[in-house]
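What follows is each chain in one-letter form.
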Amino acid sequence: MSTFAELLLNGISMGSVYALIALGFVVIFRATEVVNFAHASLLLAGGYVTATLHDDIGFWPALLAGIASAALVGAAVEFLVMRRARGGDHSVLAIVTIGVDILLTTELTRRLGTDVLALGDPWGDAVLSLGPISLAHTRIAAFVAAALLITTFLLAFRYTTWGVAMRAAAESTETAALMGVRLGRVSLGAWAVAGGLAAVAALFLTVFPTPGLERATSLAALKAFPAAILGGLDSTTGALVGGLVVGVTESLATGYQSDLAFMGRGLGDLAPYLVMVAILLVRPAGLFGTKELARV
(Lines give C-alpha, C1' and ligand atoms only; values in the text may rest on other atoms or scores of the structure.)
Protein backbone atom coordinates (compact mmCIF):
# COMPACT_ATOMS: atom_id res chain seq x y z
CA MET A 1 0.00 0.00 0.00
CA SER A 2 2.88 2.40 0.77
CA THR A 3 4.31 1.77 -2.70
CA PHE A 4 0.97 2.57 -4.29
CA ALA A 5 0.59 5.76 -2.22
CA GLU A 6 4.10 6.90 -3.15
CA LEU A 7 3.52 6.23 -6.85
CA LEU A 8 0.15 7.99 -6.67
CA LEU A 9 1.62 11.12 -5.07
CA ASN A 10 4.48 11.22 -7.56
CA GLY A 11 1.98 10.73 -10.36
CA ILE A 12 -0.18 13.61 -9.17
CA SER A 13 2.89 15.83 -8.92
CA MET A 14 4.10 15.01 -12.44
CA GLY A 15 0.54 15.17 -13.69
CA SER A 16 0.27 18.75 -12.52
CA VAL A 17 3.38 19.58 -14.58
CA TYR A 18 1.89 17.85 -17.61
CA ALA A 19 -1.24 19.91 -16.98
CA LEU A 20 0.82 23.09 -17.36
CA ILE A 21 2.02 21.92 -20.76
CA ALA A 22 -1.43 20.71 -21.79
CA LEU A 23 -2.86 24.06 -20.75
CA GLY A 24 -0.50 25.68 -23.24
CA PHE A 25 -1.91 23.50 -26.02
CA VAL A 26 -5.45 24.39 -24.96
CA VAL A 27 -4.84 28.14 -24.68
CA ILE A 28 -3.49 28.38 -28.21
CA PHE A 29 -6.18 26.13 -29.63
CA ARG A 30 -8.96 28.14 -28.01
CA ALA A 31 -7.52 31.40 -29.32
CA THR A 32 -6.64 30.26 -32.85
CA GLU A 33 -8.14 26.77 -33.37
CA VAL A 34 -4.63 25.61 -34.28
CA VAL A 35 -2.89 22.65 -32.65
CA ASN A 36 0.57 23.96 -31.74
CA PHE A 37 3.18 21.28 -32.40
CA ALA A 38 5.94 23.82 -31.69
CA HIS A 39 5.20 23.63 -27.98
CA ALA A 40 8.12 21.28 -27.35
CA SER A 41 10.61 23.85 -28.63
CA LEU A 42 9.11 26.56 -26.38
CA LEU A 43 9.66 24.24 -23.43
CA LEU A 44 13.26 23.59 -24.45
CA ALA A 45 13.93 27.30 -25.02
CA GLY A 46 12.74 28.31 -21.55
CA GLY A 47 14.73 25.54 -19.88
CA TYR A 48 17.87 26.40 -21.84
CA VAL A 49 17.84 30.06 -20.83
CA THR A 50 17.32 29.15 -17.18
CA ALA A 51 20.13 26.58 -17.28
CA THR A 52 22.65 28.91 -18.91
CA LEU A 53 21.96 31.94 -16.70
CA HIS A 54 21.54 30.54 -13.19
CA ASP A 55 25.28 30.49 -12.42
CA ASP A 56 25.64 34.17 -13.32
CA ILE A 57 22.49 35.78 -11.94
CA GLY A 58 21.07 33.20 -9.53
CA PHE A 59 18.25 30.71 -9.84
CA TRP A 60 15.15 32.86 -9.39
CA PRO A 61 16.23 35.66 -11.78
CA ALA A 62 17.31 32.98 -14.27
CA LEU A 63 13.91 31.28 -13.99
CA LEU A 64 12.14 34.57 -14.62
CA ALA A 65 14.42 35.15 -17.61
CA GLY A 66 13.60 31.66 -18.90
CA ILE A 67 9.86 32.28 -18.56
CA ALA A 68 10.15 35.67 -20.27
CA SER A 69 12.31 34.21 -23.06
CA ALA A 70 9.89 31.36 -23.78
CA ALA A 71 7.00 33.83 -23.77
CA LEU A 72 8.87 36.10 -26.21
CA VAL A 73 9.70 33.18 -28.48
CA GLY A 74 6.06 32.14 -28.49
CA ALA A 75 4.92 35.69 -29.24
CA ALA A 76 7.54 35.99 -32.01
CA VAL A 77 6.35 32.77 -33.64
CA GLU A 78 2.78 34.05 -33.59
CA PHE A 79 3.68 37.51 -34.92
CA LEU A 80 6.27 36.53 -37.53
CA VAL A 81 4.84 33.23 -38.77
CA MET A 82 1.31 32.39 -37.70
CA ARG A 83 -0.15 35.87 -38.18
CA ARG A 84 1.11 35.96 -41.78
CA ALA A 85 -0.85 32.80 -42.49
CA ARG A 86 -4.01 33.78 -40.61
CA GLY A 87 -7.16 32.76 -42.40
CA GLY A 88 -5.58 29.67 -43.88
CA ASP A 89 -6.67 26.11 -43.26
CA HIS A 90 -6.10 25.09 -39.64
CA SER A 91 -4.56 21.78 -40.66
CA VAL A 92 -2.01 23.62 -42.79
CA LEU A 93 -1.22 25.97 -39.91
CA ALA A 94 -0.67 22.97 -37.63
CA ILE A 95 1.86 21.64 -40.15
CA VAL A 96 3.53 25.05 -40.14
CA THR A 97 4.04 24.73 -36.39
CA ILE A 98 5.79 21.40 -37.00
CA GLY A 99 8.24 23.22 -39.26
CA VAL A 100 8.76 25.93 -36.65
CA ASP A 101 9.40 23.26 -34.02
CA ILE A 102 12.00 21.55 -36.20
CA LEU A 103 13.86 24.82 -36.77
CA LEU A 104 13.85 25.90 -33.12
CA THR A 105 14.62 22.46 -31.71
CA THR A 106 17.49 21.93 -34.17
CA GLU A 107 19.13 25.17 -33.11
CA LEU A 108 18.64 24.53 -29.40
CA THR A 109 19.90 20.95 -29.58
CA ARG A 110 22.92 22.20 -31.54
CA ARG A 111 23.70 24.53 -28.67
CA LEU A 112 23.13 21.80 -26.09
CA GLY A 113 25.15 19.15 -27.90
CA THR A 114 25.64 16.15 -25.66
CA ASP A 115 25.68 18.22 -22.46
CA VAL A 116 23.24 17.74 -19.61
CA LEU A 117 22.63 21.11 -17.94
CA ALA A 118 21.54 21.63 -14.34
CA LEU A 119 19.02 24.40 -13.71
CA GLY A 120 20.39 25.31 -10.27
CA ASP A 121 17.15 24.72 -8.38
CA PRO A 122 17.26 25.26 -4.59
CA TRP A 123 15.69 21.90 -3.70
CA GLY A 124 18.53 19.64 -4.79
CA ASP A 125 18.03 15.99 -3.95
CA ALA A 126 16.23 16.59 -0.63
CA VAL A 127 13.52 14.05 0.18
CA LEU A 128 10.59 14.29 2.57
CA SER A 129 9.82 11.07 4.43
CA LEU A 130 6.29 10.45 5.68
CA GLY A 131 6.59 7.09 7.35
CA PRO A 132 7.22 4.54 4.60
CA ILE A 133 6.48 7.12 1.89
CA SER A 134 9.32 9.20 0.42
CA LEU A 135 8.64 12.23 -1.74
CA ALA A 136 11.26 14.48 -3.31
CA HIS A 137 11.03 18.17 -2.44
CA THR A 138 11.08 18.91 -6.17
CA ARG A 139 7.84 16.93 -6.58
CA ILE A 140 6.16 18.93 -3.82
CA ALA A 141 7.38 22.20 -5.32
CA ALA A 142 6.12 21.09 -8.75
CA PHE A 143 2.64 20.42 -7.42
CA VAL A 144 2.45 23.70 -5.48
CA ALA A 145 3.78 25.78 -8.38
CA ALA A 146 1.49 24.12 -10.90
CA ALA A 147 -1.54 24.52 -8.63
CA LEU A 148 -0.82 28.24 -8.13
CA LEU A 149 -0.21 28.90 -11.82
CA ILE A 150 -3.26 26.97 -13.00
CA THR A 151 -5.48 28.69 -10.41
CA THR A 152 -4.11 32.10 -11.39
CA PHE A 153 -4.69 31.36 -15.07
CA LEU A 154 -8.25 30.13 -14.52
CA LEU A 155 -9.10 33.24 -12.50
CA ALA A 156 -7.55 35.49 -15.16
CA PHE A 157 -9.32 33.54 -17.87
CA ARG A 158 -12.67 34.13 -16.18
CA TYR A 159 -12.41 37.62 -14.72
CA THR A 160 -9.95 39.70 -16.78
CA THR A 161 -10.66 41.48 -20.03
CA TRP A 162 -8.05 39.28 -21.75
CA GLY A 163 -9.85 36.18 -20.52
CA VAL A 164 -13.22 37.49 -21.66
CA ALA A 165 -11.75 38.32 -25.07
CA MET A 166 -10.25 34.85 -25.36
CA ARG A 167 -13.51 33.17 -24.40
CA ALA A 168 -15.34 35.31 -26.95
CA ALA A 169 -12.82 34.41 -29.65
CA ALA A 170 -13.14 30.74 -28.76
CA GLU A 171 -16.93 30.88 -29.14
CA SER A 172 -16.92 32.67 -32.51
CA THR A 173 -14.02 34.57 -34.05
CA GLU A 174 -16.28 36.40 -36.50
CA THR A 175 -18.70 37.59 -33.82
CA ALA A 176 -15.84 38.52 -31.48
CA ALA A 177 -14.20 40.60 -34.20
CA LEU A 178 -17.48 42.39 -34.93
CA MET A 179 -17.83 43.17 -31.21
CA GLY A 180 -14.43 44.84 -31.18
CA VAL A 181 -12.23 42.04 -29.87
CA ARG A 182 -8.72 42.38 -31.27
CA LEU A 183 -8.03 38.84 -32.38
CA GLY A 184 -4.36 39.51 -33.08
CA ARG A 185 -3.78 40.63 -29.51
CA VAL A 186 -5.66 37.62 -28.15
CA SER A 187 -3.59 35.24 -30.27
CA LEU A 188 -0.33 36.95 -29.32
CA GLY A 189 -1.20 36.73 -25.63
CA ALA A 190 -2.13 33.07 -25.94
CA TRP A 191 1.22 32.15 -27.49
CA ALA A 192 3.10 34.16 -24.86
CA VAL A 193 1.18 32.55 -21.98
CA ALA A 194 1.74 29.08 -23.44
CA GLY A 195 5.48 29.76 -23.70
CA GLY A 196 5.69 30.94 -20.10
CA LEU A 197 3.83 27.88 -18.81
CA ALA A 198 6.13 25.62 -20.86
CA ALA A 199 9.22 27.24 -19.30
CA VAL A 200 7.96 26.52 -15.79
CA ALA A 201 7.19 22.95 -16.79
CA ALA A 202 10.72 22.61 -18.20
CA LEU A 203 12.13 23.35 -14.76
CA PHE A 204 10.24 20.58 -13.00
CA LEU A 205 10.87 18.11 -15.81
CA THR A 206 14.64 18.51 -15.44
CA VAL A 207 15.24 18.70 -11.68
CA PHE A 208 15.82 15.76 -9.32
CA PRO A 209 15.41 12.85 -9.84
CA THR A 210 16.11 13.51 -13.54
CA PRO A 211 19.74 14.43 -14.44
CA GLY A 212 18.99 17.81 -16.01
CA LEU A 213 18.17 19.54 -19.29
CA GLU A 214 19.18 17.55 -22.35
CA ARG A 215 18.25 17.16 -25.98
CA ALA A 216 15.45 14.71 -25.21
CA THR A 217 13.75 17.00 -22.68
CA SER A 218 11.48 18.47 -25.35
CA LEU A 219 9.96 15.02 -25.86
CA ALA A 220 8.14 15.51 -22.55
CA ALA A 221 5.72 17.74 -24.42
CA LEU A 222 4.64 14.66 -26.34
CA LYS A 223 3.50 13.12 -23.04
CA ALA A 224 1.39 16.17 -22.33
CA PHE A 225 -0.24 16.04 -25.75
CA PRO A 226 -2.39 13.01 -24.79
CA ALA A 227 -3.42 14.96 -21.68
CA ALA A 228 -4.75 17.82 -23.82
CA ILE A 229 -6.46 15.44 -26.24
CA LEU A 230 -8.16 13.19 -23.70
CA GLY A 231 -9.25 16.17 -21.62
CA GLY A 232 -10.56 18.04 -24.65
CA LEU A 233 -8.48 20.47 -26.72
CA ASP A 234 -10.90 23.32 -26.08
CA SER A 235 -11.27 22.79 -22.32
CA THR A 236 -9.04 24.34 -19.66
CA THR A 237 -10.57 22.02 -17.07
CA GLY A 238 -9.85 19.12 -19.38
CA ALA A 239 -6.16 20.09 -19.51
CA LEU A 240 -5.96 19.86 -15.72
CA VAL A 241 -7.80 16.54 -15.49
CA GLY A 242 -5.97 15.12 -18.49
CA GLY A 243 -2.59 16.05 -17.03
CA LEU A 244 -3.39 14.31 -13.75
CA VAL A 245 -4.68 11.21 -15.56
CA VAL A 246 -1.52 11.00 -17.67
CA GLY A 247 0.79 11.60 -14.71
CA VAL A 248 -0.84 9.00 -12.49
CA THR A 249 -1.09 6.47 -15.31
CA GLU A 250 2.58 6.88 -16.23
CA SER A 251 3.72 6.66 -12.60
CA LEU A 252 1.71 3.53 -11.81
CA ALA A 253 2.64 1.79 -15.06
CA THR A 254 6.33 2.52 -14.48
CA GLY A 255 6.21 1.56 -10.80
CA TYR A 256 4.52 -1.77 -11.48
CA GLN A 257 6.53 -2.48 -14.62
CA SER A 258 7.92 -5.72 -13.20
CA ASP A 259 4.42 -7.02 -12.51
CA LEU A 260 3.34 -6.13 -16.05
CA ALA A 261 6.38 -7.56 -17.82
CA PHE A 262 4.13 -9.65 -20.06
CA MET A 263 3.08 -6.39 -21.77
CA GLY A 264 6.66 -5.57 -22.74
CA ARG A 265 9.13 -2.89 -21.73
CA GLY A 266 8.51 0.83 -21.73
CA LEU A 267 4.91 0.50 -20.62
CA GLY A 268 5.16 3.73 -18.63
CA ASP A 269 5.84 5.71 -21.80
CA LEU A 270 3.11 3.93 -23.75
CA ALA A 271 0.38 3.90 -21.09
CA PRO A 272 -0.76 7.55 -21.52
CA TYR A 273 -1.40 6.95 -25.22
CA LEU A 274 -3.33 3.77 -24.47
CA VAL A 275 -5.53 5.68 -22.02
CA MET A 276 -6.01 8.45 -24.58
CA VAL A 277 -7.15 5.99 -27.25
CA ALA A 278 -9.47 4.21 -24.81
CA ILE A 279 -11.14 7.49 -23.78
CA LEU A 280 -11.45 8.76 -27.35
CA LEU A 281 -13.23 5.56 -28.35
CA VAL A 282 -15.95 6.43 -25.83
CA ARG A 283 -15.81 10.23 -26.01
CA PRO A 284 -14.29 11.38 -29.33
CA ALA A 285 -14.23 15.02 -28.18
CA GLY A 286 -12.41 14.17 -24.95
CA LEU A 287 -13.67 14.16 -21.38
CA PHE A 288 -14.59 17.85 -21.35
CA GLY A 289 -14.34 18.74 -25.04
CA THR A 290 -17.18 20.40 -26.91
CA LYS A 291 -19.05 18.13 -29.27
CA GLU A 292 -19.42 19.54 -32.76
CA LEU A 293 -22.83 19.13 -34.35
CA ALA A 294 -23.20 19.05 -38.10
CA ARG A 295 -26.40 19.13 -40.17
CA VAL A 296 -26.46 16.35 -42.75
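Every value quoted in this text rests on a predicted model; they were computed, and no experiment measured them.

What counts and what doesn't
- Residues numbered from 1 in each chain as written.
- Predicted model: local features only at pLDDT ≥ 70, side-chain atom pairs only at ≥ 80, totals over all residues.
- Heavy atoms only, no water.
- Helix = DSSP H or I, 4+ residues; strand = E, 2+ residues; numbered from the N terminus.
- Rg over C-alpha atoms; globule rule 2.2 N^0.38 Å.
- Buried < 20%, exposed > 50% of the residue type's maximum accessible area, 1.4 Å probe, protein only.
- Contact = heavy atoms within 4.5 Å.
- Areas by Shrake-Rupley, 256 points an atom, 1.4 Å probe, with all protein chains shown as cover.
- Lys, Arg positive; Asp, Glu negative; His and termini not counted.
- Charge placed at Lys NZ, Arg CZ, Asp CG, Glu CD.
- Salt bridge = Lys/Arg side-chain N within 4 Å of Asp/Glu carboxyl O.
- Phe/Tyr/Trp six-rings, centres within 6.5 Å; stacked < 30°, edge-to-face > 60°.

**Q** Which parts of the structure should I look at to understand the overall build of the chain?
**A** Helices and strands together make up the secondary structure of the chain, namely 11 helices and two strands. Reading the chain from its N terminus to its C terminus gives the helix and strand order α-α-α-α-β-β-α-α-α-α-α-α-α. By the compact-globule yardstick of 19 Å for 296 residues, the chain fits well, its C-alpha radius of gyration being 19 Å. Structurally, the chain occupies a C-alpha span of about 60 × 50 × 35 Å along its principal axes. For the chain, with 296 residues in total, the buried portion stands at 46%. Long-range contacts, defined as pairs at least 24 residues apart, comprise 76% of the intrachain contacts of the chain with a sequence gap of at least 6. Surface accessibility of the chain: about 14500 Å² in total, with carbon and sulfur atoms responsible for 66%. The distance from the centre of the 17 positive side-chain charges to the centre of the 19 negative ones in the chain is 10 Å.

**Q** Help me understand the pattern of salt bridges in this model?
**A** When charged atoms on two side chains of opposite charge get close, those side chains can pair. Enumeration according to the criterion identifies five salt bridges in this entry. One salt bridge in this structure joins Arg111 and Glu107, with 2.9 Å as the shortest N-O distance. With Arg111 and Glu107 both in helix α4 (residues 90–112) and four residues apart, the pair spans about one turn of that helix. Judged by relative accessible area, Glu107 falls into the partly exposed class, the value being 30%. Through salt bridges with shared partners, a single ionic network connects Glu107, Arg110 and Arg111.

**Q** Any chance you could explain the environment of Gly184 here in plain terms?
**A** When you line up the elements, Gly184 lands in helix α8 (residues 183–206). Gly184 sits 99 residues away from Ala85 along the chain, and the two C-alpha atoms are 12 Å apart. Apart from the residues within four sequence positions on either side, Gly184 is in contact with Glu78, Arg83 and Arg86.

**Q** What exactly am I supposed to notice about the packing of aromatic side chains here?
**A** A complete count under the given rule lists eight aromatic pairs for this structure. Centroid distance Phe37 to Phe225: 5.6 Å. Interplanar angle 45°. Geometry classified as tilted. Here Phe37 is found in the loop between α1 (2–32) and α2 (39–57), whereas its partner Phe225 is found in helix α9 (residues 220–231), with 188 residues between them in sequence. Ring geometry for Trp123 versus Phe204: centroids 5.7 Å apart, planes at 35°, classification tilted. Within this pair, whereas Trp123 is found in the loop between α4 and β1 (127–130), its partner Phe204 is found in helix α8, the two being separated by 81 residues in sequence. Residue Trp123 is classed as partly exposed on the basis of its relative accessible area, which comes to 22%.

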